[in-house]
Amino acid sequence: MSKSDYFAVQLEKLRQKEQYRRFPQIVHKGKFVEQNGRSMLNLASNDYLGLANDDALQQAFLEKLAEKRPHFTSSSSRLLTGNFSEYESLEQQMAEAFQREACLLFNSGYHANIGILPAVANKQTLIVADKLVHASIIDGIRLSDAPFVRYRHNDYAHLHEILQKQHLNYERIIVVTESLFSMDGDFADLPQLVEFKRQFGNVMLYVDEAHGIGVYGEQGLGVAEQMNCLPYIDFLVGTFGKALASMGAYVVCDQVIKDYLINTMRPLIFSTALPPFNVAWTEFLFEKRPHFQAKRQHLMQLSARLRHVVAEKLNMPMPSESHIVPFILGDNQCTVQTAQRLQQQGYYCLPIRPPTVPVGTSRIRLSLTADITHDELEQFIEQLFLCNIN
Ligand SMILES: *Cc1c(COP(=O)(O)O)cnc(C)c1O
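Note that the structure is predicted; figures quoted are calculated from it, not measured.

**A look at the overall build of the protein chain**
Then step 1. Helix and strand content of the protein chain: 14 helices and 14 strands.
Then step 2. Relative to the 2.2 N^0.38 estimate, which gives 21 Å for 390 residues, the radius of gyration of the protein chain is 22 Å and therefore close to what a compact globule would have.
Then step 3. Judged by the C-alpha coordinates and their principal axes, the protein chain covers about 60 × 60 × 55 Å.
Then step 4. A buried classification covers 53% of the 390 residues belonging to the protein chain.
Then step 5. Sequence separation of at least 24 residues holds for 71% of the intrachain contacts in the protein chain that already meet a minimum separation of 6.
Then step 6. Accessible surface computed for the protein chain: about 18,400 Å², of which carbon and sulfur atoms make up 52%.
Then step 7. Averaged over its 37 positive side-chain charges, the protein chain has a centre that lies 6 Å from the centre of its 42 negative ones.

Dropping the structure here:
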């Protein structure tokens, strides 16, 4: 046996379970992607506001750069020689927008989620996380010294039970959730979580807004804005790589938490900071965010229509509450084949399988973007059900 036989055997097992992954060979053409010469409407994108393809925005940014061109690299961690005015400027603007004391930037949402919990949670801290939180949060919990428990997805009676039983046993309890769940498209009840914080004095809230920032709230600050919870969330985390068409992440928090993270958070301390050029682009888009209200409204209309039709045709409860609409088929092979058929019909739909989602809930995750038209959606809906019956 050669040393690599083991890996080949494991990969073969994944192939048999329809769980083998590879990079798709695709070419982006605005809201379409091309694969093997076939053009498909992209229904798998996280570019929820359609900003990634907005030529006018990019042009305006490039013109602004003529005044002062930011560095293309930071060459270092911010704690050494890599601190640039672009970071401080965006952090200040964000803290002001969220009306909170502080904001701290990270290289990605993955860095944020694997770094914050290990930094702030010790053995006297209990982490209590929703069963469906993102893999990056799970990795963060694993890297921390803190004990943890999971509560059933969005089951606040279960969460209350855990808090009731445990709150006297720990110095702190950190409740961790996404605001909008990435695979099911449903929301956490943030006001209920804030209520728990009032009820149990040592509870802190950690909320991941990866899919909410830019898309929800009148100012586009996310689900926490929409639910009037901005002042109460201790760790409000979000990413720039989705609706905000850039790269990187943030936490909005109290100043003491920011200072503590700067002193203890390993992915922040030991990784080269984002290119200032990238951060300038993020700030350029973040500033414009209040003006994307028409895009947000259009996206909400499209989403309501798709959710309604999926619920009606499949005779099931609303599949979600947002612009992320899961089309759950259950079986891996059936999901893969349905996705392939939709692709043949000109729709770039991707199958989501375990381990990304629980076994038996394989699905096509339909995610809508603001640059899709009503006509395009209606045509897609026709194809979706044709292909489901076949
Ligand atoms: C995408 C995502 C992340 C990771 O963010 P990146 O900036 O892509 O690393 C974290 N949390 C959730 C819920 C996500 O969907």
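**Focus on the site of the ligand**
Then step 1. Close contacts around the ligand come from Ser-108, Gly-109, Tyr-110, Asn-113, His-134, Ser-136, Glu-178, Asp-208, Ala-210, His-211, Thr-239 and Lys-242, and that covers them all.
Then step 2. Backbone polar atom of Tyr-110 to an oxygen atom of the ligand: 2.9 Å apart, as the coordinates give it.
Then step 3. In the environment of the ligand, an oxygen atom lies 2.7 Å from a nitrogen or oxygen atom belonging to the side chain of Lys-242.
Then step 4. Notes on the ligand: free accessible area 380 Å², of which the protein chains cover 85%.
Then step 5. If you tally residues by element for the shell around the ligand, the top one is helix 4 (residues 109-120), at 3 residues.
Then step 6. When the residues that make up the shell around the ligand are grouped by side-chain class, the tally is 2 nonpolar, 7 polar and 3 charged.

**Notes on the sheet that holds strand 3 (residues 38-42)**
Then step 1. What the 4 strands build is an open sheet, ordered 1-2-3-12; its pairing is mixed. The strands lining the two open edges of the sheet, one partner per strand, are strand 1 (27-29) and strand 12 (347-348).
Then step 2. Note: strand 2 (residues 32-35) against strand 3, 4 bridges, orientation antiparallel. Directly across from Val-33, in strand 3, lies its bridge partner Met-40.

**Some details on unusual backbone geometry**
Then step 1. Residue Pro-355 is bonded to the preceding Pro-354 through a cis peptide linkage, with omega at 10°.
Then step 2. Examined against the element boundaries, Pro-355 turns out to sit in the loop between strand 13 (351-352) and strand 14 (362-367).
Then step 3. The residue Gln-99 is not glycine, and still its phi comes out positive at about 55°.
Then step 4. Mapped onto the elements, Gln-99 comes out in the loop between helix 3 (85-98) and strand 4 (102-106).
Then step 5. The exposed category is assigned to Gln-99, whose relative accessible area is 73%.

**With respect to the sheet that holds strand 10 (residues 249-253)**
Then step 1. One open sheet holds the 7 strands; their spatial order is 4-10-9-8-7-5-6, and the pairing between them is mixed. At either margin of the open sheet sits one strand with a lone partner, and together these are strand 4 and strand 6 (148-151). Averaged over all pairs of adjacent strands, the angle between their axes in this sheet comes to 20°, without regard to strand direction.
Then step 2. Contacts between helix 3 and the sheet are confined to strand 4, strand 9 (235-239) and strand 10, with strand 4 contributing the most and set at about 135° to the helix.
Then step 3. Sheet strands in contact with helix 7 (residues 190-199) are strand 7 (172-178) and strand 8 (203-208), and its direction is about 160° off that of strand 8.

**As for the domain arrangement of the protein chain**
Then step 1. Annotation of the protein chain at the domain level lists domain 1 (17-54 + 292-387) and domain 2 (70-290).
Then step 2. A separation of 27 Å is found between the C-alpha centroids of domain 1 and domain 2.
Then step 3. At the interface, 24 residues of domain 1 touch 24 residues of domain 2.
Then step 4. Interface of domain 1 and domain 2: buried area, both sides summed, is about 1,800 Å²; carbon and sulfur atoms make up 60% of it.
Then step 5. Per-residue buried area on domain 1 facing domain 2 is highest for Phe-292, Arg-296 and Glu-321; these three make up 28% of the total on that side.
Then step 6. The interface formed by domain 1 and domain 2 includes 1 salt bridge.
Then step 7. Mapped by element, the contributors of at least two residues to the side of domain 1 that touches domain 2 are helix 12 (293-314), strand 11 (324-330) and strand 14.

**What about the pairing of strand 2?**
Remember that side chains alternate between the two faces of the sheet whenever the strand is regular.
Then step 1. Along strand 2, the buried face is formed by Val-33 and Gln-35; none of Phe-32 and Glu-34, which line the opposite face, is buried.
Then step 2. Bridge count between strand 1 and strand 2: 3 bridges; the pairing is antiparallel. Each bridged residue has a counterpart across the sheet, and for His-28 the counterpart in strand 2 is Val-33.

**What to know about the packing of helix 4 against helix 5 (residues 135-143)**
Then step 1. The N-to-C vectors of helix 4 and helix 5 enclose an angle of 30°; their axes lie 7 Å apart at closest approach. Relative to helix 5, the element helix 4 lies roughly parallel. Seen along the crossing, helix 4 lies across helix 5 with a hand that is right-handed. Taking contact as the criterion, the partners of Tyr-110, Asn-113, Ile-114, Leu-117 and Pro-118 in helix 4 are, on helix 5, Ser-136, Ile-137, Asp-139, Gly-140, Ile-141 and Leu-143.
Then step 2. Looking at side-chain class alone, the contact of helix 4 with helix 5 contains 7 nonpolar, 3 polar and 1 charged residues.

**With respect to empty space enclosed by the protein**
Then step 1. Summed over the entire model, instances satisfying the criterion amount to 1 cavity of 30 Å³ or more.
Then step 2. The space that makes up the largest cavity amounts to roughly 100 Å³.
Then step 3. What lines the largest cavity is simply Arg-78, Tyr-87, Leu-105, Phe-106, Asn-107, Pro-267, Leu-268, Ser-271, Thr-272, Ala-273, Leu-274 and Val-279.
Then step 4. The set of elements that each furnish at least two residues to the lining of the largest cavity consists of strand 4 and helix 10 (266-269).
Then step 5. Among the residues making up the lining of the largest cavity, the classes are represented as 8 nonpolar, 3 polar and 1 charged.

Cut-offs used in this document
Note on numbering: residues in each chain are counted from 1, in written sequence order. A pLDDT threshold of at least 70 governs which residues receive local features in this predicted model, and a stricter bar of 80 or more applies before side-chain atom pairs are shown or counted, although totals over entire chains, interfaces and linings include all residues. Each side-chain value is derived from all of the structure's non-hydrogen atoms; neither hydrogens nor water enter the calculation. Here a helix means four or more residues in a row that DSSP labels H or I, a strand means two or more in a row labelled E, and each is numbered from the N terminus. Put simply, the radius of gyration uses C-alpha atoms, and a globule should come to 2.2 Å times the residue count raised to 0.38. Classification of residues uses two cut-offs on accessible area relative to the type maximum, computed with a 1.4 Å probe and protein chains only: under 20% is buried, over 50% is exposed, and between them is partly exposed. In what follows, residue pairs with any heavy atoms lying within 4.5 Å of each other are defined as contacts. Accessible surface area values rest on a Shrake-Rupley calculation with a 1.4 Å probe, where residue burial reflects the displayed protein chains alone. We treat Lys and Arg as the positive residues and Asp and Glu as the negative residues; His and chain ends play no part in the count. All charge positions are set by atom: Lys at NZ, Arg at CZ, Asp at CG, Glu at CD. For each residue, the test is whether any non-hydrogen atom lies within 4 Å of the molecule or strand; if one does, the residue is near. Residues adjacent in sequence count toward polar contacts only when both atoms are side-chain atoms; beyond that, a polar contact is any pair of N or O atoms within 3.5 Å, and within protein one must be able to donate a hydrogen and the other to accept it. The nonpolar class holds Ala, Val, Leu, Ile, Met, Phe, Trp, Tyr, Cys and Pro. Asp, Glu, Lys and Arg form the charged class, and all remaining residues, Gly among them, are polar. DSSP calls a pair of strands paired once it identifies at least 2 bridges connecting them. Interaxial angle, 0 to 180 degrees, is taken between N-to-C directions of lines fitted to C-alpha atoms, where a helix line uses only the stretch in contact. As used throughout, domain bounds are those supplied by an automatic or database domain assignment. Put simply, buried area is the surface a 1.4 Å probe can reach on two separate parts but cannot reach once they are joined, added for both. We count a salt bridge whenever a side-chain nitrogen from Lys or Arg sits within 4 Å of a carboxyl oxygen from Asp or Glu. Working rule for angles: under 35 degrees goes down as roughly parallel, over 145 as roughly antiparallel, 65 to 115 as roughly perpendicular, anything else as oblique. If you view the pair so one helix is near and one far, a crossing is left-handed when the near helix is turned anticlockwise from the far one by less than a right angle, and right-handed when it is turned clockwise. Whether a set of points on the 1 Å grid over the protein atoms alone is a cavity depends on a 1.4 Å probe fitting there but being unable to get out, while an open set qualifies as a pocket with protein on both sides within 12 Å along at least five of seven lines; lining residues are those with an atom within 4 Å of a point. Grid points are joined across faces, edges and corners, and a volume is the space filled by probe spheres set on the points.

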